[in-house]
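# Structural characterization, general
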Amino acid sequence: MERRGFLKAGTAGFASLMTGTGLLSWSTRSEAATISKTFYITAGTQTMPDGVSIYVKGFSDSSADLNIPATPIICQEGDTLEITVINRLAVTHNFVIGGLKAGDAPLASTGDIAGGGSKTITYTIPTGKAGSYLFYDNKTNYNVFLGLHGGLAIMPAGKTNQMYSGSPTFKKQTFWIFNDIDPALNKAVQDGTAIPTSFTPRYFTINGLTSLPPGAPGHGDPTRDALFDTRSQLAGYLGDRTLVRMLNAGMCTHSMHVHANHMEWLTDRGSVRPQVWKKDTIQVRNKLGKIDAIYPFEAPPDAYPPVTTGHFPMHLHDEMSQTAGGGMYQFGAMTEIVFK
Ligand SMILES: [Cu+2]
């Protein structure tokens, strides 16, 4: 590993490196544009809620940053993506934009980027590709789990409030990117030893963070606590319909459950569903699974007396995903829904 490419980032340090991106912002334009972005492949350590330090890698905004997931990219059909990836580490990596459907061949790939090298891909997005995509490193089948991933949102050309032409409309949009961490894998990569043949996740993250429940150090800090991270927390007034683009970078299938409202379930693994179902629990499949769903921010229908404000959880109903370190409950992949 290149020494300058390594970041010692404890929980606090790591937090300070995160950019407060929050919601995706988008405004329509009639002409196509070129969207240029440079990512730096960096590595460092992240401190988990049980104090264990984990080696991670990311597609970062600069050599001094460690962004997990990467800062998201939003664009529209017809735009040209011009993405440069600078590999600050010593080992070979790559960068691919996932296919329309999970399991499809990538839309675009840099090919190998040797240690210390860089590559640029230029990709013009064809019509019909509106949707949510994971970009990641598929040089190995495990690099994605180390943190080398991020979200790409492609809007239908000329639309501000539909995820595909004719979809139900929304006001805001964000990503929930899930990942699972097996410390043994990360340690083997760090040490250059044999990659384990089994995968036993001990940490479960949403947008790179775990929940830190009340009483835990860091609780309430939006740069450390997934409950308050502005990229993850859904906060809105009645009617603030929010599209959530859910991507699963990890190895485990999850059961995403929102409280207070059902979500309008639009897509599964890149395919538009034949009907929009209202669901409170939706499966987010493993192996690059993805779903898109709108949280409608309606007054909770069955509450008496009626409720229009309050805090509600989004958690995953597979119990292990709500733990850290093999047992710390409520230190997993969850966030908050806030009716303001
Ligand atoms: Cu629940």
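Thresholds, definitions, all that
Residues numbered from 1 in each chain as written. Predicted model: local features only at pLDDT ≥ 70, side-chain atom pairs only at ≥ 80, totals over all residues. Domains from an automatic or database assignment. Contact = placed C-beta atoms within 7 Å. Helix = DSSP H or I, 4+ residues; strand = E, 2+ residues; numbered from the N terminus. Nonpolar A, V, L, I, M, F, W, Y, C, P; charged D, E, K, R; others polar. Pairing = 2+ DSSP bridges. Axes fitted to C-alpha atoms, helices over the stretch in contact; angles between N-to-C directions.

## Looking at the domain arrangement of the protein chain
Split into domains, the protein chain comes out as domain 1 (3-26 + 36-160) and domain 2 (174-339). Distance between the C-alpha centres of domain 1 and domain 2: 19 Å. Domain 1 puts 33 residues into the contact, and the matching count from domain 2 is 43 residues. Sorting the residues of the side of domain 1 that touches domain 2 by element identifies α1 (11-17), β3 (53-60), β9 (131-136) and β10 (149-155) as the ones contributing at least two each. When residues in the side of domain 1 that touches domain 2 are grouped by element, the largest group, 4 residues, is from β9. Across the side of domain 1 that touches domain 2, the residue classes tally to 22 nonpolar, 9 polar and 2 charged.

## A few points about the sheet that holds strand β6 (residues 96-97)
The 5 strands lie next to each other as β4-β10-β9-β6-β7, forming an open sheet whose pairing is mixed. Each edge of the open sheet carries a strand with a single partner, namely β4 (73-76) and β7 (108-109). Inspection of the sheet shows β4 paired to β10 by 4 bridges, in the parallel sense. Bridge pairing links Ile73 to Leu152 in β10.

## Thoughts on the sheet that holds strand β13 (residues 234-236)
Strand order across the open sheet formed by 5 strands is β13-β23-β20-β15-β18, with mixed pairing between neighbours. The two strands at the open ends of the sheet, each matched to only one other strand, are β13 and β18 (281-284). Here the strands of the sheet are splayed against their neighbours by 20° on average, with no regard to which way each runs.

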